[in-house]
Amino acid sequence: MINKISPSIHAAIEKIFDGATVMIGGFGTAGQPAELIDALIEHGATDLTIINNNAGNGDIGLAALLKAKRVKKIICSFPRQSDSYIFDALYRAGEIELELVPQGNLAARIQAAGSGFGAIFTPTGYGTELAKGKETREINGKHYVLEYPITADFALIKAHKGDRYGNLIYRKTARNFGPIMAAAATYTIAQVNEVVEVGALDPECIVTPGIFVTDVVEIQ
């Protein structure tokens, strides 16, 4: 019988190893799997490469992971805002590496990984420092930059409800990067507000099919 419900949040997180690449869902704090991040901090994995939309807010969630100095590199589209002081301090001190990716490109490259594409051509970044050293091509009179898919060893995401098969539905804007990260990672851990019986989720409403999910953790 398929049962992807993890016995504990720590049992799910313990598989993350030093040096792993980890996608973390969320748009700022919306849809951020805060409890999974706290468990990752407690777990102790280090030298991580993190892929996220931004670089943490305040002192919680992703920012707390950065503060614990577990991250060697972050790939994101929006590293600086008024409460990104932890990232700012680490970057200015040369203690963290940043790869800046425009937001649309970030989503497209993650989606490309989940779709099995070898690469994509995007107009975003053409003629800027972000395209320096990259292949470019003119297609139908428009210039494009070659970008490669972004994959990860693990994805930590947050959903609204899930079942033991790993099927997930999301709540409003908390959906954001979760579905594409689940498809792009080798191992996906989803925290949910509620675990329901198989069949309780309307198949037409399921956003992330269980095939993309490895562990489901209920956080109430």
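Small disclaimer: the values here were computed from a predicted structure and weren't measured.

*Asks:* Which parts of the structure should I look at to understand the nonpolar core?
*Replies:* One recurring pattern in soluble globular proteins is that nonpolar side chains are buried together. Core analysis: the largest hydrophobic core is formed by 34 residues, its most contacted members being Ile-16, Val-22, Ile-50, Leu-65 and Leu-156. Each residue touching Ile-16, except ones within four places of it in the same chain, is listed here: Val-22, Leu-40, His-43, Ala-45, Leu-48, Phe-154 and Leu-156. In terms of nonpolar packing, the next biggest core, distinct from the first, is built from 24 residues, Leu-106, Ile-150, Leu-168 and Tyr-170 among them.

*Asks:* Would you mind going over the side chain of Asn-167 with me for this structure?
*Replies:* Position of Asn-167 relative to the elements: it lies in the loop between strand 8 (152-162) and strand 9 (168-169). A polar contact is formed between the side chain of Asn-167 and the backbone nitrogen of Gly-210, at a distance of 2.8 Å. When near neighbours in sequence (up to four residues on either side) are disregarded, Asn-167 contacts Lys-161, Gly-162, Leu-201, Ile-206, Thr-208, Pro-209 and Gly-210.

*Asks:* I keep staring at the pattern of salt bridges and nothing clicks. Help me out?
*Replies:* Where charged atoms from two side chains of opposite charge come close, those side chains can pair. Tallied over the full model, the rule gives 11 salt bridges. For Lys-134, the salt bridge is made with Glu-147, and the minimal N-O distance between the two is 2.9 Å. Remark: Glu-147 occurs in strand 7 (residues 142-147) and Lys-134 occurs in the loop between strand 5 (120-122) and strand 6 (136-139); sequence separation between them is 13 residues. One salt-bridge network, in which partners are shared between bridges, spans Lys-73, Glu-97, Glu-99, Arg-109, Lys-134 and Glu-147.

*Asks:* I tried to follow the pairing of strand 2 (residues 48-51) on my own but got confused; where do I start?
*Replies:* Neither face of strand 2 is open: one carries Leu-48 and Ile-50, the other Thr-49 and Ile-51, and all of them are buried. Strand direction decides the pairing type here: strand 1 (residues 21-24) and strand 2, joined by three bridges, are parallel. Bridge assignment links Thr-21 to a residue of strand 2, and that residue is Thr-49. The handedness of the strand 1 to strand 2 crossover, carried by helix 2 (residues 34-43), is right-handed. Two strands pair when backbone bridges link them, and strand 2 and strand 3 (residues 71-76) are joined in this way by four bridges, in the parallel orientation. In the strand pairing of strand 3, Thr-49 is matched with Lys-73. Traced from strand 2 through helix 3 (residues 62-67) to strand 3, the parallel crossover comes out right-handed.

*Asks:* I'm lost on helix 4 (residues 85-92) in this one. Help?
*Replies:* At 3.6 residues per turn, the α-helix brings residues three or four places apart onto the same side. All of the buried residues in helix 4 are Ile-86, Phe-87, Asp-88 and Leu-90. Where helix 4 is buried, its residues contact helix 3, strand 3 and strand 4 (97-100).

*Asks:* How do you make sense of helix 5 (residues 103-115) when you look at a structure like this?
*Replies:* For helix 5, spanning 13 residues, the distance from its first C-alpha to its last is 18 Å, which sits close to the expected 18 Å at 1.5 Å a residue. Restricting attention to buried positions, one finds in helix 5 the residues Asn-105, Leu-106, Arg-109, Ile-110, Ala-112 and Ala-113. For helix 5, the angular spread of buried residues about the axis comes to 155 degrees, placing them on one side.

*Asks:* How do you make sense of the side chain of Thr-49 when you look at a structure like this?
*Replies:* Examined against the element boundaries, Thr-49 turns out to sit in strand 2. For Thr-49, a relative accessible area of 9% corresponds to the buried category.

*Asks:* Would you explain the environment of Ala-39 in this entry?
*Replies:* With respect to the secondary-structure elements, Ala-39 resides in helix 2. C-alpha of Ala-39 to C-alpha of Gly-104: the two residues are 65 residues apart in sequence and 30 Å apart in space. Once you skip the residues sitting within four places of it in the chain, Ala-39 turns out to touch Ile-9, His-10 and Ile-13.

*Asks:* When you look at the environment of Ile-211 in this model, what are you seeing that I'm missing?
*Replies:* In this fold, Ile-211 is placed in the loop between strand 10 (185-195) and strand 11 (215-218). It is 37 Å that separates the C-alpha atoms of Ile-211 and Glu-138, two residues lying 73 residues apart in sequence.

Basis of the calculations
- Note on numbering: residues in each chain are counted from 1, in written sequence order.
- Under the rules for a predicted model, residues below a pLDDT of 70 receive no local features and side-chain atom pairs below 80 are neither given nor counted, while totals for whole chains, interfaces and linings still include all residues.
- The basis for the side-chain values is all heavy atoms of the structure; hydrogens and waters are excluded.
- Within this scheme, the nonpolar core is defined by two criteria: the residues are buried Ala, Val, Leu, Ile, Met, Phe, Trp, Tyr or Cys, and they are joined through side-chain atoms within 4.5 Å.
- Here's how the labels work: a residue is buried when its accessible area is under 20% of the maximum for its type, exposed when over 50%, partly exposed in between, all with a 1.4 Å probe on protein chains only.
- In this description, contact between two residues means that some pair of their heavy atoms is separated by no more than 4.5 Å.
- Helix and strand labels come from DSSP, where a helix needs a run of H or I of at least four residues and a strand needs a run of E of at least two; each type is numbered from the N terminus.
- By the criterion applied in these results, polar contacts are pairs of N or O atoms within 3.5 Å in which, for protein atoms, one can donate a hydrogen and the other can accept it, and in which residues neighboring in sequence qualify only through two side-chain atoms.
- Definition used for salt bridges: Asp or Glu carboxyl oxygen within 4 Å of a side-chain nitrogen of Lys or Arg.
- Here the rule is simple: two strands pair whenever DSSP picks up at least two bridges between them.
- A crossover counts as right-handed when, viewed with the strands pointing away from the observer, the path leading from the first strand over the helix to the second turns clockwise.
- One less than the number of residues in a helix, times 1.5 Å, gives the span that helix is expected to have.
- In this description, the arc belongs to the directions extending from the helix axis to the C-beta atoms.

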